[in-house]
Amino acid sequence: MTPADLLIEAYGRVLENATAAVEGLDEDQLAARPAPDANSIAWLVWHLTRVQDDHVAEVAGTSQVWTEQGYAARFALPLDDADTGYGHSSEQVGQVRASEADLTAYLRATHEASTTFLRSLTPEALDRVVDERWDPPVTLGVRLVSVVDDGTQHAGQAAYVRGLLGL
């Protein structure tokens, strides 16, 4: 197994678990929050997808699926197109409403764009520095693992919220 194969497998787990978290739920169920300031399933899956889309597009040198494929317009959220959800207030979390179909379509399209990039990676490419704002500077490999870690955590949170709500 190559490093690219390993990353593709990990990103596939995020897709699988996030898809399972939204499966069969309507928009109100996806937007439900187990406590007033808690994150909803819709927000969690939207956010993990936005982060993956944003971060992978940046290191791949490509456009984001969110804007390039029209998902920003399709979702029509009252947020800036560049917004990924970092630092959202409780009110902003509540503004993220979407259907199962839209969430899974965006997640699948982002996953496809990510795996297209991941397939192109050589082991040597993973050592390329992609962010010098940190000490030590962040390599491509570290960034890609960070993205999959974020996605895994949020997919698990979405599944947990689903269980808390009895969905």
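Residues numbered from 1 in each chain as written. Predicted model: local features only at pLDDT ≥ 70, side-chain atom pairs only at ≥ 80, totals over all residues. Heavy atoms only, no water.

> Requested: an account of the overall build of the protein chain, with residues and values cited.
Secondary structure assignment for the protein chain yields 8 helices and 2 strands. Taken from the N to the C terminus, the helices and strands of the protein chain come in the order α-α-α-α-α-α-α-β-β-α. Its C-alpha radius of gyration of 16 Å places the protein chain within 12% of the 15 Å reference for a compact globule of 167 residues. Across its three principal axes, the protein chain shows a C-alpha extent of roughly 45 × 30 × 30 Å. Within the protein chain, contacts between residues at least 6 apart in sequence are counted, and of these 72% link residues at least 24 apart. Total accessible area on the protein chain is roughly 8400 Å²; 51% of this is exposed by carbon and sulfur atoms. The average position of the 11 basic charges and that of the 26 acidic charges among the side chains of the protein chain differ by 3 Å. (Helix = DSSP H or I, 4+ residues; strand = E, 2+ residues; numbered from the N terminus. Rg over C-alpha atoms; globule rule 2.2 N^0.38 Å. Contact = heavy atoms within 4.5 Å. Areas by Shrake-Rupley, 256 points an atom, 1.4 Å probe, with all protein chains shown as cover. Lys, Arg positive; Asp, Glu negative; His and termini not counted. Charge placed at Lys NZ, Arg CZ, Asp CG, Glu CD.)

> Help me get a handle on the packing of aromatic side chains, residues and values and all.
For the coordinates displayed, the defined rule picks out 5 aromatic pairs. Between phenylalanine 75 and tyrosine 106, the ring centres sit 6.0 Å apart and the planes meet at 70°, which makes this aromatic pair edge-to-face. With phenylalanine 75 in helix 5 (residues 71-75) and tyrosine 106 in helix 7 (residues 100-119), this residue pair connects regions lying 31 residues apart in the sequence. Tyrosine 106 shares its class with phenylalanine 75; the two are buried. One aromatic cluster in this structure is built from Trp46, Trp66, Tyr71, Phe75 and Tyr106. (Phe/Tyr/Trp six-rings, centres within 6.5 Å; stacked < 30°, edge-to-face > 60°. Buried < 20%, exposed > 50% of the residue type's maximum accessible area, 1.4 Å probe, protein only.)

> So what about the pattern of salt bridges? Which residues, and what values?
Per the stated rule, a full pass over the model turns up 8 salt bridges. One salt bridge in this structure joins arginine 50 and aspartate 53, with 3.5 Å as the shortest N-O distance. Residue arginine 50 and its partner aspartate 53 are located together in helix 3 (residues 41-60), separated by 3 residues, close to a single helical turn. According to the relative accessible area criterion, arginine 50 is buried, its value standing at 0%. For aspartate 53, a relative accessible area of 3% gives the class buried. Through salt bridges with shared partners, a single network forms among Glu27, Asp28 and Arg97. (Salt bridge = Lys/Arg side-chain N within 4 Å of Asp/Glu carboxyl O.)

> Outline the nonpolar core, listing residues and values.
Inside soluble globular proteins, nonpolar side chains tend to come together where they are buried. Counting residues in each nonpolar core, the largest one holds 44 residues, and the members touching the most others are Trp46, Phe75, Leu103, Leu121 and Leu144. Elements that contribute at least two residues to this core include exactly helix 1 (3-22), helix 3, helix 4 (65-68), helix 5, helix 7 and helix 8 (140-164). For this core, the element with the most residues is helix 3, which contributes 9 residues. What leucine 121 contacts, discounting residues up to four positions off in sequence, is Ala4, Leu7, Leu126, Leu140 and Leu144. (Core = buried A, V, L, I, M, F, W, Y, C linked by side-chain atoms within 4.5 Å.)

> Please set out the side chain of threonine 84 residue by residue, giving values where relevant.
Tracing the backbone through its elements, the reader meets threonine 84 in the loop between helix 5 and helix 6 (90-95). What makes threonine 84 buried here is its relative accessible area of 10%. Residue contacts for threonine 84: discarding those within four places in its chain leaves Trp46, His47, Arg50, Val51 and Asp54.

> Requested: an account of unusual backbone geometry, with residues and values cited.
With an omega of 5°, the peptide bond between aspartate 135 and proline 136 qualifies as cis. As for its position among the elements, proline 136 is in the loop between strand 1 (129-131) and strand 2 (138-139). Backbone geometry at alanine 76 places phi at a positive 50°, although glycine is not the residue there. Within the secondary structure, alanine 76 sits in the loop between helix 5 and helix 6. Given a relative accessible area of 59%, alanine 76 falls into the exposed group.

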